[in-house]
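Residue-level structure breakdown
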Amino acid sequence: MGNTSSILTQYDIEEVQSHCHDLFEQQEILSLYQRFCQLDRNAKGFISADEFLSVPEFAMNPLSQRLLKMVDGLNFKDFVAFLSAFSAKASLRQKVQLIFKVYDSDCNGKVSFKDIMEVLRDLSGSFMSDEQREEVLSQVLKESGYTSDSFLTVEDFVKIFGSCKPDMDVEIPVD
């Protein structure tokens, strides 16, 4: 599985399925492996940041730099694990854990007002001033029972996102 020119065995497929909590069918894993091999242009067994940026949808994403920190150097098994949060079968907790990692750029297990402001800045660009972002964020935090001094954990994110169920499902094309 480390050599991308190899073919996945039934054992490899089942190992990846287990690693990803059976969120993908075998055919989906085979399709993802084909895509992984296309992205891994040098057949190194992992995908670099530059290779991820070759995907136009990824490169155009306003959060691409944050996502690159999460995906740079992923092998196939971890590539599928990363994508599993986008499965329609993924639980709310799995989806929110990925969202939390995007906000928790220093990986300290806590998200501050400043962390959220940075993501909002990435998402809104010049369409909003920092003052407008602060006002909106302060209001959202207040409505959720938090303040600008709060540090949010993944459990807080589950509580906040639990009422809105983030729609981030992506269908894996199967040949």
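Fair warning: this is a prediction, and the values are worked out from it, not measured in the lab. (Residues numbered from 1 in each chain as written. Predicted model: local features only at pLDDT ≥ 70, side-chain atom pairs only at ≥ 80, totals over all residues. Heavy atoms only, no water.)

1. A word on the pattern of salt bridges
Taken as a whole and judged by the stated rule, the model has 10 salt bridges. Between K44 and D40 there is a salt bridge, with the nearest N and O atoms lying 3.7 Å from each other. For K44, a relative accessible area of 33% corresponds to the partly exposed category. Using a relative accessible area of 2% as the deciding quantity, one classes D40 as buried. Sharing partners across several salt bridges, the network here consists of R66, K114, E118 and D122. (Salt bridge = Lys/Arg side-chain N within 4 Å of Asp/Glu carboxyl O. Buried < 20%, exposed > 50% of the residue type's maximum accessible area, 1.4 Å probe, protein only.)

2. With respect to unusual backbone geometry
Here the phi dihedral of A43 falls at roughly 50 degrees; this positive angle occurs in a residue that is not glycine. Looking at the secondary structure, you find A43 in the loop between α2 (26–39) and β1 (46–47). A43 sits in the partly exposed class, given a relative accessible area of 40%. Despite not being glycine, C107 shows a phi value in the positive range, around 55 degrees. Structurally, C107 can be placed in the loop between α7 (92–103) and α8 (113–124). Since its relative accessible area comes to 67%, C107 is described here as exposed. (Helix = DSSP H or I, 4+ residues; strand = E, 2+ residues; numbered from the N terminus.)

3. Brief notes about the UniProt feature "domain: EF-hand" (unreviewed entry) in the protein chain
The UniProt feature table records "domain: EF-hand" (unreviewed entry) at residues 27–62 and 91–126. Between the end C-alpha atoms of residues 27–62 there is a gap of 31 Å, over a span that is 61% helix and 6% strand. (UniProt positions renumbered as here; feature names shortened; annotations may be inferred.)

4. A look at the environment of D78
Tracing the backbone through its elements, the reader meets D78 in helix α6 (residues 76–83). Here the alpha-carbon distance between D78 and V102, two residues 24 residues apart in the chain, equals 16 Å.

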